[in-house]
Amino acid sequence: MALRIDVLTLFPRMLDGVLAESILGKGIAAGHLAVGVHDLRNWTTDKHRTADDRPFGGGAGMVLKPEPVFAAIEQVQTPGCRRIYLTPDGQPFSTALAEELSRERHLVMLSGHYEGIDQRIRDRVIDQEISIGDYVLTNGTLAAAVVIDALARFIPGVLGEEKSLTHESFTRKLLDFPQYTRPAEFRGMSVPGVLLSGNHAEIEKWRLARQEEKTRLVRPDLLK
Ligand code: ADE
């Protein structure tokens with residue numbers, strides 16, 4: 001059965017383009033995964049559709065209220081699903097976590113906003129908190145998009161060629177080698193001769209050397 005993902009957000013339209021375009025759009029169209037996007041305001045009960053309120057104890061910003069979030073999660077969740085909250089104070093996202101999530105049957109992703117969400121949501125209806133990096137977005141919807149995009153690549157059939165996954169950065173904990181395409185000569189810049197040589201053993205050697213060089217320069221932490 002294909003993976004199902006339900007995203008709960010105050011900004012559902014932020015995902016329109018992301019889910020419609022490119023490889024993700026094709027993967028959804030082909031039925032490799034199904035994504036439902038839900039406006040949290042649909043679970044508010046007052047006439048102003050209020051989803052947030054001022055923090056107890058004072059301070060700046062607004063806090064997502066528990067009632068609409070509990071109601072939304074209780075409606076979309078299924079037995080055994082994994083309920084994820086996107087937040088900068090969550091567990092760092094990684095290739096390993098993307099692959100793990102791609103093997104689930106149902107994910108519920110909650111996007112927070114502004115100063116955060118009522119702690120009781122995190123205590124009771126969230127299984128895992130994930131951060132996509134050490135910076136703060138205005139809300140978690142783009143983070144949910146990043147997680148969905150990264151995990152979709154591990155769902156069989158989503159990427160055309162099996163090969164494109166194995167050759168890449170992070171499967172071997174090395175950054176990618178430089179790629180070139182035609183023309184072989186462009187504005188006085190030529191493609192490294194070895195790539196035109198047809199000698200596959202030499203090409204492999206050259207590529208690995210470039211990967212190690214780049215990794216040492218940009219991400220020495222990966223070599224430890
Ligand atoms: N929401 C705001 N910033 C975030 C981040 N870095 N990762 C995940 N969710 C977020």
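What you see is a predicted model; the values in this text were computed from it and never measured.

So, how was this worked out
- Residues numbered from 1 in each chain as written.
- Predicted model: local features only at pLDDT ≥ 70, side-chain atom pairs only at ≥ 80, totals over all residues.
- Heavy atoms only, no water.
- Helix = DSSP H or I, 4+ residues; strand = E, 2+ residues; numbered from the N terminus.
- Buried < 20%, exposed > 50% of the residue type's maximum accessible area, 1.4 Å probe, protein only.
- Contact = heavy atoms within 4.5 Å.
- Areas by Shrake-Rupley, 256 points an atom, 1.4 Å probe, with all protein chains shown as cover.
- Lys, Arg positive; Asp, Glu negative; His and termini not counted.
- Charge placed at Lys NZ, Arg CZ, Asp CG, Glu CD.
- Domains from an automatic or database assignment.
- Core = buried A, V, L, I, M, F, W, Y, C linked by side-chain atoms within 4.5 Å.
- Pairing = 2+ DSSP bridges.
- Expected span 1.5 Å × (residues − 1).
- Arc of directions from axis to C-beta.
- Polar contact = N/O pair within 3.5 Å; in protein donor to acceptor, adjacent residues only side chain to side chain.
- Axes fitted to C-alpha atoms, helices over the stretch in contact; angles between N-to-C directions.
- Salt bridge = Lys/Arg side-chain N within 4 Å of Asp/Glu carboxyl O.

Enquirer: Sorry, what's going on with the overall build of the protein chain here?
Expert: In terms of helices and strands, the protein chain carries 8 helices and 9 strands. Along the three orthogonal principal directions, the C-alpha set of the protein chain runs to about 70 × 40 × 35 Å. Across the 224 residues that make up the protein chain, the buried fraction comes to 39%. Of the contacts formed within the protein chain by residues at least 6 apart in sequence, a portion of 75% connects residues at least 24 apart. Carbon and sulfur atoms provide 53% of the accessible area of the protein chain, an area that totals close to 13600 Å². Taken together, the 28 basic and 30 acidic charged side chains of the protein chain have centroids lying 2 Å from each other.

Enquirer: I tried to follow the domain arrangement of the protein chain on my own but got confused; where do I start?
Expert: Buried accessible area, meaning the area lost when the parts come together, often serves as the stated size of an interface. Taken as a whole, the protein chain is organised into domain 1 (3-152) and domain 2 (168-223). Computed over C-alpha atoms only, the centres of domain 1 and domain 2 are separated by 37 Å.

Enquirer: Just to check I follow, could you spell out the nonpolar core for this structure?
Expert: One recurring pattern in soluble globular proteins: nonpolar side chains tend to sit buried together. Among the nonpolar cores identified, the biggest contains 26 residues, and Ile5, Leu101, Met109 and Leu151 are the most heavily contacted of them. At the level of elements, strand E1 (3-9), strand E5 (82-92), helix H4 (95-102), strand E6 (106-111) and helix H6 (141-152) are the ones that each hand at least two residues to this core. Ignoring sequence-local partners within four residues, the contact set of Leu101 consists of Leu3, Arg82, Ile84, Phe93, Leu107, Gln128, Ile130, Val147 and Leu151. With 18 residues, the next largest nonpolar core counts Trp43, Val69, Val76 and Val125 among its residues.

Enquirer: Looking at this structure, I do not really get the pairing of E6. What am I missing?
Expert: As a general feature of sheets, a regular strand has side chains that alternate between the two faces. Within E6, 6 of the 6 residues are buried, which leaves the element mostly enclosed by the surrounding structure. The side-chain alternation of E6 yields two buried faces, one formed by His106, Val108 and Leu110 and the other by Leu107, Met109 and Ser111. Relative to E6, E1 is paired through 5 bridges, and the arrangement is parallel. Its bridge partner being in E6, Ile5 is matched across the sheet by Leu107. Relative to E6, E5 runs parallel, the two being bridged by 5 bridges. Bridge pairing in E6 places Leu86 opposite Ser111.

Enquirer: Can you walk me through helix H8 (residues 200-218) in this structure?
Expert: Note that an α-helix has 3.6 residues per turn; residues three or four places apart therefore point the same way. Here H8 is 19 residues long and its end C-alpha atoms lie 27 Å apart, about the 27 Å a rise of 1.5 Å per residue gives. Those residues of H8 not exposed but buried are Ile203, Trp206, Gln211 and Thr215. Along H8, the residues classed as buried sweep out an arc of 165° about the axis, all on the same side. Away from its buried face, by an angle of more than 90 degrees, H8 presents the exposed residues Ala201, Lys205, Arg216 and Leu217. The backbone nitrogen of Ala201 lies 3.3 Å from a side-chain oxygen of the residue at the head of H8, namely Asn199.

Enquirer: Can you walk me through the sheet that holds E5 in this structure?
Expert: As a general point, the strands of a sheet are linked pairwise by backbone hydrogen bonds and lie either parallel or antiparallel. The sheet built from 5 strands is open, its strands ordered E2-E1-E6-E5-E7 with parallel pairing. If you trace the sheet from one side to the other, it starts and ends with strand E2 (33-39) and strand E7 (128-131), each paired once. Put simply, the sheet's adjacent strands are angled 30° from each other on average, direction ignored.

Enquirer: I'm lost on the pattern of salt bridges in this one. Help?
Expert: Side chains bearing opposite charge may pair, as long as their charged atoms lie close to each other. This model, assessed by the stated rule, comprises 12 salt bridges. Between Arg82 and Glu104 there is a salt bridge, with the nearest N and O atoms lying 2.7 Å from each other. With Arg82 in strand E5 and Glu104 in the loop between H4 and E6, the pair connects residues that are 22 residues apart, well separated along the chain. Assessed through its relative accessible area of 14%, Arg82 is described here as buried. Given a relative accessible area of 22%, Glu104 falls into the partly exposed group. Salt-bridge contacts for Asp127 lead to Arg83; the nearest nitrogen and oxygen are separated by 3.0 Å. Placement of the pair is Asp127 in the loop between helix H5 (119-124) and E7 and Arg83 in strand E5, with a sequence separation of 44 residues. Take Arg83: its relative accessible area is 16%, and that puts it in the buried class.

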